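# Architecture at a glance
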Amino acid sequence: MTRAKAGWIAGAAAAALVAAGAITYAVAEDGGSGVKPPAADSADSADAGFARDMAVHHQQAVEMSYIVRDRTDDEDVRRLAYDIAQTQANQRGMLLGWLDLWGLPKVSANPPMTWMGMGSMPPGEDGALMPGMATNAELEKLGELEGRQAEVLFLQLMTEHHKGGVHMAEGCVDRCGVGVERQLARGMVEGQQSEMALMADMLEERGAKPRP
């Protein structure tokens, strides 16, 4: 790993942790009232919908990251995967914690993305419940590959995953009524866009490209 790349990955992870810490501190300062949704009795609010859907989306990113760490010895990929797993697991915990705080369910009978006006989109196939999510077959394949092949597939799948995550986070920035949740969503957009740029470089180093 080059010194510049190692510094970039470490810097991105540190920035994500600082942002999460600032949000946690802001919530603690006001006893949690700052994260009470405008319609606290509505499980269909954008705030609740984003928290539920992004928690599911993040869980798959964590799963993919730990799969690839067992399939390669490349330190660039292993470090990136670890940082993604830690960042998204932390954010997922915050989202689920807010649902608990609001007294709202963690599951909904509505289709995914309903809070974004996308509830009528065709249902996801083979476990790909939302845009950007990998299918069960793709996850199985990732777990079978090794070395450079595993690295390339992971980087391609995670790039698509981030694209879907950025789209959802931008939806929350536009629709969510809770200030700290919008702040978290903005951080997701910035962090995942930076990681997509890094992953494009890493794919190029391996003679590959993001999926069209």
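Up top is the structure.
We now turn to the structure provided with this report. (Residues numbered from 1 in each chain as written. Predicted model: local features only at pLDDT ≥ 70, side-chain atom pairs only at ≥ 80, totals over all residues. Heavy atoms only, no water.)

Our focus in this paragraph is the state of the cysteines. Scanning the model with the defined rule gives one disulfide in all. Across the disulfide, Cys172 is cross-linked to Cys176 (sulfur-sulfur distance 2.3 Å). Taking the torsion about the S-S bond as the criterion, the Cys172 to Cys176 disulfide, at about -120°, is left-handed. You'll find Cys172 and Cys176 in the same group, each marked buried. (Disulfide = S-S within 2.5 Å. Buried < 20%, exposed > 50% of the residue type's maximum accessible area, 1.4 Å probe, protein only.)

Attention shifts here to the nonpolar core. Ranked by size, the top nonpolar core spans 55 residues in total, and within it Phe50, Met64, Leu95 and Phe154 carry the most contacts. Where this core is concerned, the elements lending two or more residues are helix H2 (46–69), helix H3 (75–102), helix H4 (136–144), helix H5 (147–175) and helix H6 (179–205). The element best represented in this core is H5, accounting for 11 residues. Among all residues touching Phe154, those that are not within four sequence positions of it are Met64, Ser65, Val68, Val77, Ala81, Ile84 and Leu142. (Core = buried A, V, L, I, M, F, W, Y, C linked by side-chain atoms within 4.5 Å. Helix = DSSP H or I, 4+ residues; strand = E, 2+ residues; numbered from the N terminus. Contact = heavy atoms within 4.5 Å.)

The residue Met113 is not glycine, and still its phi comes out positive at about 75°. Here Met113 is to be found in the loop between H3 and H4. The backbone of Asp126 shows a phi angle near 55°, a positive value even though the residue is not glycine. You can see Asp126 is positioned in the loop between H3 and H4.

So, on to the environment of Lys163. Assignment of secondary structure puts Lys163 in helix H5. Considered as a pair, Lys163 and Met196 are 33 residues apart in the sequence and their alpha carbons are 8.2 Å apart. Residues within four places of Lys163 in sequence aside, it is in contact with Met196 and Arg211.

With respect to the helices and strands, Thr72 occurs in the loop between H2 and H3. Look at Thr72 and you get buried, because its relative accessible area is 4%. Only 3.0 Å separates the side chain of Thr72 from the backbone nitrogen of Asp74, close enough to count as a polar contact. (Polar contact = N/O pair within 3.5 Å; in protein donor to acceptor, adjacent residues only side chain to side chain.)

Attention shifts here to the environment of Leu99. Along the chain, Leu99 turns up in helix H3. You can call Leu99 buried: its relative accessible area is 0%. Spatially, the C-alpha atoms of Leu99 and Arg52 are 8.0 Å apart, while their sequence positions differ by 47 residues. If we skip the residues at most four places from it in the chain, Leu99 touches Ala48, Ala51, Arg52, Leu104, Pro105 and Lys106.

Scanning the model with the defined rule gives eight salt bridges in all. Between Arg78 and Glu75 there is a salt bridge whose closest N-O contact spans 4.0 Å. Residue Arg78 and its partner Glu75 are located together in helix H3, separated by three residues, close to a single helical turn. Among the salt bridges present, the one from Arg206 reaches Glu205, with a minimum N-O distance of 3.7 Å. A single salt-bridge network, built from bridges that share partners, covers Asp74, Glu151, Glu205 and Arg206. (Salt bridge = Lys/Arg side-chain N within 4 Å of Asp/Glu carboxyl O.)

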